[in-house]
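Next come the chains, spelled out residue by residue.
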Amino acid sequence: MKKMIRTHGLAILLIFLVSLVLILPQLITKGMVIGSDAVFHYNRFYDAAMQIKEGNFQPFISMYGFQQSGRIVNALYGPLVAYIQGFLVLLSPSWFGYQVLSRLMIFTLSGISMYALLNKAHIRGSLSCAGAIFYLTTFSIQYWTMRQGFSSWGAAILPLCLLPIVDMAEKKDFNWLELGILTALMFQTHVFTSLILILIYLPFFLYALIQTSEKIALIKKSAYSIGIFLLLTLAIWISFYMIYSSNTIADPFINQHMDRSAITRNGRYWLTTPIFLAVLLVGQVLASVLLWKKYSPFMRLCIGTMCFFLILSTNLVPWEKLQGRDILVVDLIQFPFRFFVPVTIFLILLACYTFQRYCQKSLLSIAILTTILAVSVGQVMLKAQDPMHEWNAEKRMIQTGKKHLFVRTEDKTELKNAVHSSDFTTFLKLVEKSTPDYLPIYQQNHKNNYRQYEQHILALNPNFKKYVKNHQLYVEWTGEKIAKVKVPIVKYSRTELSLNGKKLTDKDILLTKIGTITVKQQPGKNVLTVTFKGSKQIIYPIIFSMFSWIIAIYFLFKTKMSERSS
């Protein structure tokens, strides 16, 4: 037992040290990477951070982030993880500090997660550690560094969530409590990756169901897992119902050029980050063909699952013909390269298994592994340095297109100072993006939602004073005369508005396509209060769900301890 703890402890320490090495260049150069999704996620994390800091909890509308517009984001996009990220923001001295801290956290988390899966799959300790370190250098995880793509957080815990598939294949059984908790954890983190997780579970579960003689018991366990999953995600389902049942919600970005986002086209960097990943893929595909009969059933299932997602990530699927046809599943996918995340995980698992079984442990094999890891770590460090160098050289300071992005200063020094400022709003006011995800849609017309957001919120927002008090958002302005005025506040069906102490009805409000309001102002000072009907009631399911998490994790821990002692 002590030897096992020492082995695991050393592996975790090495993973942490490599994670530290990866962020050292950024700490030294003070360079920043502002990717395509940075503005969107930084707004939602800031909103969560300020709710925690000021005690003004509002589980639905944004009162601090997104121009304090009252729009809904976090309630529909990983609320639990948003608050965890918000806590990280509070621990950070600036946005630069947050970026460094979040990178350290995701590298360490992904490494430990991959190590746990490899260890569960009977890969020896040193090789599991090597595979874990290699995983955190792949673009599945580096996506957060380079683009602030949030799917990397789903990728970070995906190996951990795959622990039950080992027991499904080897024992024809699984721990239903563990399965329910891990699925709920992924759903709370990244919804799309949770769908991938379920697709992965399916063939392993079916194999276990076919092979076992206890079919009814296995079906019952799956029902228990679904039950615990629903219990742990209860608050999200209630939030979804409250929002979607009475609103038409704008879908997240629908990619009209999905074929360009496959790994066989513009997404090739998923294959070459690091470069040895492509080498491993070719080598493992050949090994799988040659050694198929010698692989265990678990490894064969892994090969089949890897190949399935590999095909989905390429243009072997006719994405060009499927896109733009209003097919819900296709629109949800957005970027086919996201299917390469499970490919990466299974590839590392299979490569480690093949290496362990068919390569002798020698100085040569150790030298090969060390070289692969050193080159991979070096490659991603150099790749991350490019945008940081451009930041410091004041060349291309924001690593994304200018479409729908607004930088409110031409002074690049001011922008630099903003990311190092202890006032987090400085950067959020200097760099704005008109992302319309989850806005309410009231009029079916062909106007661009991005342009509508720019016109009705970004352009008008400087004319109003906004602040938060007693769990409510306040908007103040001075009117010269009685007149109708456009206010950059988004109204959903449950949004409650009061102007100068009078509760507004639907007759008192005019709505734009994206739900921003027009009200009748009075001469002098005007005060609009904004809240969301049901915010207090949702607290009870949230508290219930939190206690359910604590109890479920306690019993899972107790079960695991009993299994190890027996």
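The coordinates are above.
About the thresholds
Residues numbered from 1 in each chain as written. Predicted model: local features only at pLDDT ≥ 70, side-chain atom pairs only at ≥ 80, totals over all residues. Heavy atoms only, no water. Salt bridge = Lys/Arg side-chain N within 4 Å of Asp/Glu carboxyl O. Buried < 20%, exposed > 50% of the residue type's maximum accessible area, 1.4 Å probe, protein only. Core = buried A, V, L, I, M, F, W, Y, C linked by side-chain atoms within 4.5 Å. Helix = DSSP H or I, 4+ residues; strand = E, 2+ residues; numbered from the N terminus. Contact = heavy atoms within 4.5 Å. Pairing = 2+ DSSP bridges. Phe/Tyr/Trp six-rings, centres within 6.5 Å; stacked < 30°, edge-to-face > 60°. Lys NZ or Arg CZ within 6 Å of the ring centre and 35° of its normal.

> Can you break down the pattern of salt bridges residue by residue, with the values?
Enumeration over the complete set of coordinates arrives at 11 salt bridges. We note a salt bridge from Lys 171 to Asp 167, for which the minimum N-O separation is 3.7 Å. The class of Lys 171 is exposed, set by a relative accessible area of 58%. Given the relative accessible area of 9%, Asp 167 is considered buried.

> Please give an account of the nonpolar core that cites residues and values.
Ranked by size, the top nonpolar core spans 171 residues in total, and within it Trp 95, Phe 204, Phe 298, Phe 427, Val 487 and Leu 528 carry the most contacts. Looking at this core, the element that brings in the most residues is helix H18 (residues 340-358), giving 12 residues. With residues near it in sequence (within four places) discarded, Val 487 still touches Phe 464, Val 475, Trp 477, Thr 516, Ile 517, Val 519 and Leu 528. If you look at the next biggest cluster of nonpolar residues, it comprises 11 residues, including Ile 228, Phe 229, Leu 232 and Leu 556.

> Please set out the sheet that holds strand E6 (residues 495-499) residue by residue, giving values where relevant.
Taken together, the 5 strands give an open sheet; going across it, the order is E3-E4-E10-E6-E7, and neighbouring strands pair in antiparallel fashion. Among the strands making up the open sheet, the edge pair consists of strand E3 (465-469) and strand E7 (502-503). Note: E6 against strand E10 (residues 524-532), 5 bridges, orientation antiparallel. Within the sheet, the bridge partner assigned to Leu 499 lies in E10 and is Leu 528.

> If you had to explain unusual backbone geometry to someone new, which residues and values would you point to?
With an omega dihedral of -5 degrees, the bond running from Thr 273 to Pro 274 counts as a cis peptide bond. Note that Pro 274 resides in the loop between helix H13 (269-272) and helix H14 (276-290). You will see that Gln 68, though not glycine, has its phi angle at about 50 degrees, which is positive. Take Gln 68: it is sitting in the loop between helix H2 (38-54) and helix H3 (79-91). Residue Gln 68 is classed as buried on the basis of its relative accessible area of 18%. In this structure, His 471 is a non-glycine residue whose phi angle is positive, near 65 degrees. Looking at the element boundaries, His 471 is found in the loop between E3 and strand E4 (472-479).

> Outline the packing of aromatic side chains, supporting the account with residue identities and numerical values.
The full count for this structure, using the stated rule, is 39 aromatic pairs. Considering the side-chain rings of Trp 95 and Tyr 98, the 5.8 Å spacing of their centres and the 85 degrees angle between planes classify their relative orientation as edge-to-face. Placement of the pair is Trp 95 and Tyr 98 together in helix H4 (residues 95-120), with a separation of 3 residues, close to one helical turn. Exposure class is identical for Trp 95 and Tyr 98. Each is buried. Here Phe 139 and Tyr 143 contribute two aromatic rings whose centre-to-centre distance is 5.6 Å and whose plane-to-plane angle is 35 degrees, an arrangement assigned as tilted. Within this pair, Phe 139 and its partner Tyr 143 are both found in helix H6 (residues 139-147), separated by 4 residues, close to a single helical turn. Taken together, the ring pairs in this structure connect Phe 40, Tyr 42, Phe 45, Phe 66, Tyr 77, Trp 95, Tyr 98, Trp 144, Phe 150, Trp 153, Phe 424 and Phe 427 into an aromatic cluster. In this structure, Arg 338 packs its charged tip against the face of Phe 192, placed 4.1 Å from the ring centre. A cation sits over an aromatic face here: Lys 469 above Tyr 474, 5.4 Å from the ring centre.

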